[in-house]
Amino acid sequence: MPLTRRSLMDAAAACFGWRRAYGDTTEVDALLTEQSETAYRQAADHAVLATAKNHDVLAVQPGVLDVRGRILADVLYLEGVLAGARTRGLPSEVIECLEDAVDHGHELTLLLADAVRATATAHTSGG
């Protein structure tokens, strides 16, 4: 499906609070590629802004806290998706992938919490 048509369908669905599901791996791969390309394009802007903004250790902390909060909220949402997948008896491959994503998400929130603590420790010790 052409990108413009898919975008229009996604926009229309979003107006009603719906999300589209893709039953074809080609469409899924195209969407994943599009997400990655968009994120990497924006990453260049983020790097420039972060370099200008993060002038000391405490300047890093609010951004890391924000990211951790968003990831934690998303991981908790995924836990609900996983619970629903288990309840509905979805294929074990789907459940295993969701379990891995939830586990890695929780690990990431722990690493980000460590990074936040490190900013406070470095500030206190004068580093």
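Residues numbered from 1 in each chain as written. Predicted model: local features only at pLDDT ≥ 70, side-chain atom pairs only at ≥ 80, totals over all residues. Heavy atoms only, no water.

### Digging into the pattern of salt bridges
Reasoning step 1: According to the stated counting rule, one finds 2 salt bridges in the structure shown.
Reasoning step 2: Between Glu99 and Arg86 there is a salt bridge, with the nearest N and O atoms lying 2.7 Å from each other. Here Glu99 is found in helix α4 (residues 92–124), whereas its partner Arg86 is found in helix α3 (residues 57–87), with 13 residues between them in sequence.
Reasoning step 3: For Glu99, a relative accessible area of 27% puts it in the partly exposed group.
Reasoning step 4: Asp114 is the partner of Arg117 in a salt bridge, and the nearest nitrogen-oxygen pair spans 3.1 Å. A residue pair is termed a helical-turn pair when its members lie 3 or 4 positions apart in one helix, as Arg117 and Asp114 do in helix α4 at 3 residues.
Reasoning step 5: Residue classification places Asp114 among the partly exposed residues on the basis of a relative accessible area of 46%. (Salt bridge = Lys/Arg side-chain N within 4 Å of Asp/Glu carboxyl O. Helix = DSSP H or I, 4+ residues; strand = E, 2+ residues; numbered from the N terminus. Buried < 20%, exposed > 50% of the residue type's maximum accessible area, 1.4 Å probe, protein only.)

### A look at the side chain of Thr119
Reasoning step 1: Within the secondary structure, Thr119 is located in helix α4.
Reasoning step 2: A polar contact is formed between the side chain of Thr119 and the backbone oxygen of Val116, at a distance of 2.5 Å.
Reasoning step 3: Those residues in contact with Thr119, other than ones at most four positions away along the chain, are Val57, Leu58, Val60 and Gln61. (Polar contact = N/O pair within 3.5 Å; in protein donor to acceptor, adjacent residues only side chain to side chain. Contact = heavy atoms within 4.5 Å.)

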